[in-house]
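Architecture and fold: a report
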Amino acid sequence: MTDTPPPEGAAILDRLHTIITRYVILPSPEAIDAVALWTAATHAQPAWAHAPRLVIRAPEKRCGKSRLLDVVEGTCYKPLMTVNASTAAVYRSIGEGEPPTILLDEADTIFGGKQAEANEDLRGLLNAGHQRNRPTIRWNNVKNQVETIATFAMAALAGIGQMPDTIEDRAVVVKMRRRTRAEKVAPYRQRRDGPALRALASDLTTWLRGNLVELEAAEPDMPLEDRAADTWEPLVAVADLAGGNWPERARRAAQALTAEREGDTEFSDRLRLLIDCRIVFGNLEAIPSTILLERLKTLPEAPWAEYAGGGLTAMKLGVLLKEYEICSENIRFTPPLGRVKGFHRAAFTDAWQRYCPPPEEVDVPEPYQPYKPYQDDVSAAQTPVRLLHPVRLEPYHDQPADQAGTA
């Protein structure tokens, strides 16, 4: 009795899996499955509402990221490989018809260091192109008219270090690592090996293009939510169409790689500040701006002492918190502080609930004991709350209330 052969789609994905592992060592079985499914999904772009990105990154050189991109180039749909393309060229390459699969090698040179600001338009294109019907509008001086430029296209980026967070948030992220001496792969030569890869690409196109109607109508059960679900849905839909054990493998890969990415995502400055403010507040109901800034700068491993070159200031603090609709107010504290600029805890509560993970236990340097804001009710007026400074009195001792702090 022989084993039942896998369905056509599963057999093609199995071949793609074998080719990938022939030339590249990936960090996990889930990563291999993810790359195979992403590559297959490029052949069915007309069916997708979202165009997931594939981010291939490594901590150092010689980790196989460019070789993996070579294999993806050989097996994906209409590959457009580039190392350093202008934003205008990428726009024009996407065009009005069916887009290519954009492959950006050495993406760290595009989005890292001094080049990051210069390539903001390209980052915006990649962000917008994740979702269908998000075109860019430009004024054409030659034609004297408005132009609508398509952005929707699947894209893969390879580079050292993390890509911009807005791109990785829309991506299947594979973290490569350098091979050990015991890990062997076959050398890849485009002239010799390329035809076999293109033959497999042709089989992928024939299979998936013949099922576009089914793929477009697919609503697979997803193990993820929100943008992660949008990103992984095309891959899971391909796996469900393929059958065999691919549906289970796709969902396992989605969960594993998403959890891995979220575990090491760097916080934006705004989010880091929001979390650090939560730590500094402790159980306080209000805090003067001057003391909030001082405590932020003393947090271990926090960037605020040297933020933006000169350290976090009241103005920079206000700019970062403004996006969360958090503003300072004039608050009356016990003498000698009196009425100064500060923040109520209530102003942060909604943002903390929406954006912050559960706070961790952190030892915060305590140059001052907790204090309470002035209360205008009768009981507070009859029983003033004293502000205690057991460690240092110098910043406030014998200082007039109207000069105590104005940040």
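If you're wondering where the values come from, they're calculated on a predicted model, not measured in any experiment. (Residues numbered from 1 in each chain as written. Predicted model: local features only at pLDDT ≥ 70, side-chain atom pairs only at ≥ 80, totals over all residues. Heavy atoms only, no water.)

Focus: the sheet that holds strand β8 (residues 286-288)
What counts here: Note on pairing: two strands pair once DSSP finds at least 2 bridges between them. In this description a helix means any DSSP run of H or I spanning at least four residues, a strand means any run of E spanning at least two, and both kinds are numbered starting from the N terminus. Helix axes are fitted to C-alpha atoms over the stretch in contact, other axes to C-alpha atoms as well, and angles between N-to-C directions run from 0 to 180 degrees.
The sheet built from three strands is open, its strands ordered β8-β10-β9 with antiparallel pairing. The sheet is open, and its two borders are formed by β8 and β9 (329-332), each paired with just one other strand. For this sheet, the mean angle separating the axes of adjacent strands, direction not counted, is 60 degrees. Bridge count between β9 and strand β10 (residues 339-344): four bridges; the pairing is antiparallel. Within β10, the position partnered with R332 by the bridge is R339.

Brief notes about the environment of G124
For G124, the location among the structural elements is in helix α7 (residues 120-128). Each C-alpha atom of the pair G124 and T87 lies 9.6 Å from the other, and the pair is 37 residues apart in sequence.

Brief notes about the confidence of the model for the protein
This is how the line gets drawn: Residue-level confidence of the predictor, termed pLDDT, takes values from 0 up to 100. Only heavy atoms matter for contacts: two residues are in contact if any of them lie within 4.5 Å across the pair.
When pLDDT is averaged across the protein, the result is 84; 84% of the residues are at 70 or more. Long-range and interchain partners of residues 359-407, a stretch whose pLDDT sits below 50, account for 72 contacts in this model, where long-range means more than four residues apart.

Here's the deal with the pattern of salt bridges
Worth spelling out the cut-off: For this analysis, a salt bridge means a side-chain nitrogen from Lys or Arg found within 4 Å of a carboxyl oxygen belonging to Asp or Glu. Buried, partly exposed and exposed residues are distinguished by accessible area as a fraction of the type maximum, computed with a 1.4 Å probe on protein chains only: under 20%, between the cut-offs, and over 50%, respectively.
Going through the model one piece at a time under the given rule, you end up with 18 salt bridges. One salt bridge in this structure joins R209 and E98, with 2.2 Å as the shortest N-O distance. A residue pair is termed long-range when its members are at least 10 positions apart, and R209 in helix α9 (residues 190-209) and E98 in the loop between α4 (87-94) and β3 (101-104) qualify at 111 residues. Overall, the relative accessible area of 24% leaves R209 in the partly exposed class. For E98, a relative accessible area of 30% translates into the label partly exposed. D193 is the salt-bridge partner of R192, the closest N and O atoms lying 2.9 Å from each other. In the salt-bridge network here, residues are joined through shared partners; they are D165, D169, R227 and R261.

Let's talk about a nonpolar patch on the surface
Short version of the rule: To count toward a patch, a residue needs a relative accessible area above 30% and no salt bridge. Like charges then connect within 9 Å, nonpolar side chains (Val, Leu, Ile, Met, Phe, Trp, Tyr) within 5 Å. Per-residue and other accessible areas follow the Shrake-Rupley method at a 1.4 Å probe size, with only the shown protein chains counted as cover for residues.
A cluster of nonpolar side chains, contributed by I137, W139 and V146, occupies part of the molecular surface with about 330 Å² of accessible area. Looking at the element boundaries, V146 is found in strand β5 (residues 145-149).

A word on helix α13 (residues 269-281)
Worth spelling out the cut-off: One less than the number of residues in a helix, times 1.5 Å, gives the span that helix is expected to have.
Taking 1.5 Å of rise per residue, the 13 residues of α13 would be expected to cover 18 Å, and the 18 Å separating its terminal C-alpha atoms lies within 8% of that figure. Among the residues of α13, L271, L273, L274, I275, D276, C277, I279, V280 and F281 are the ones counted as buried. Lining the buried residues of α13 we find β8, α14 (289-298), α15 (314-322), β10 and α16 (346-355). Of the residues trailing α13, G282 is marked for its positive phi of about 55 degrees.

Regarding the sheet that holds strand β1 (residues 53-58)
Strands sit in the order β2-β3-β6-β1-β7 across an open sheet of five strands; the sheet is parallel. Both outer strands of the open sheet, β2 (79-82) and β7 (171-175), are each paired with one neighbouring strand and no more. Within this sheet the neighbouring strands show an average axis-to-axis angle of 15 degrees, counted without direction. Examined bridge by bridge, β1 and β7 share five bridges and lie parallel to one another. Note on β7: the bridge partner recorded for L54 is V172.

What about the packing of helix α2 (residues 29-41) against helix α11 (residues 226-242)?
Two measures define how a pair of helices packs: the angle their axes make with one another and the distance between the axes. Formally: Note that the term roughly parallel is reserved for angles under 35 degrees, roughly antiparallel for angles over 145, roughly perpendicular for angles of 65 to 115, and oblique for everything else. Just so you know the grouping, Ala, Val, Leu, Ile, Met, Phe, Trp, Tyr, Cys and Pro go in nonpolar, Asp, Glu, Lys and Arg go in charged, and all remaining residues, Gly too, go in polar.
Orientation of α2 relative to α11, taken along the N-to-C sense of each, is 90 degrees, at an axis distance of 9 Å. Relative to α11, the element α2 lies roughly perpendicular. From α2, A34, L37, W38, A40 and A41 reach across to α11, where they touch W232, P234, L235, V238 and A239. Here the contact of α2 with α11 is built from residues that sort into 10 nonpolar, no polar and no charged.

Some remarks on the environment of I287
Within the secondary structure, I287 sits in strand β8. On the accessibility criterion, I287 (0% relative accessible area) is buried. Along the chain, I287 and F333 lie 46 residues apart, while their C-alpha atoms are 8.7 Å from each other.

Description of unusual backbone geometry
Here the bond from P335 into P336 is cis, since omega is 10 degrees, no more than 30 degrees from zero. Tracing the sequence through the fold places P336 in the loop between β9 and β10. The backbone of R62 shows a phi angle near 60 degrees, a positive value even though the residue is not glycine. If you trace the backbone, R62 turns up in the loop between β1 and α3 (65-75).

Some thoughts on the packing of α13 against α16
Just so we agree on the cut-off: In this scheme the crossing of two helices becomes right-handed for a clockwise turn of the near helix relative to the far one and left-handed for an anticlockwise turn of less than a right angle.
At a minimum axis distance of 10 Å, the contact between α13 and α16 shows a crossing angle of 120 degrees. If you check the angle between α13 and α16, you find them oblique. Remark: the crossing between α13 and α16 carries left-handed chirality. Contacts from L271, L274, C277, R278 and F281 in α13 reach F348, A351, W352 and Y355 in α16. A class-by-class count of the residues in the contact of α13 with α16 yields eight nonpolar, no polar and one charged.

Points about the nonpolar core
Grouped burial of nonpolar side chains is what soluble globular proteins tend to show. Threshold: Residues belong to one nonpolar core when they are buried, are Ala, Val, Leu, Ile, Met, Phe, Trp, Tyr or Cys, and are joined through side-chain atoms within 4.5 Å.
Counting residues in hydrophobic clusters, the biggest one holds 63 residues, and the most contacted among them are L26 and W48. Ranked by the residues each element gives to this core, the list is headed by α11, at 10 residues. Not counting the four nearest positions on each side in its chain, L26 is found in contact with I20, A31, I32, V35, L68, V174 and M176. Membership of the second largest hydrophobic core comes to 29 residues, among which are L296, W304, L320 and W352.

Thoughts on the packing of aromatic side chains
Filter applied, for reference: Note on aromatic pairs: the rings of Phe, Tyr and Trp (six-membered ring only in Trp) are paired at centre separations within 6.5 Å, and the planes decide the class, stacked below 30 degrees, edge-to-face beyond 60, tilted for the rest. Criterion for a charge above a ring: Arg CZ or Lys NZ at most 6 Å from the ring centre, at most 35 degrees from the ring normal.
Tallied over the full model, the rule gives six aromatic pairs. When the ring centre of F152 is taken as origin, the NZ or CZ atom of R132, which lies over that ring, is 4.0 Å away.

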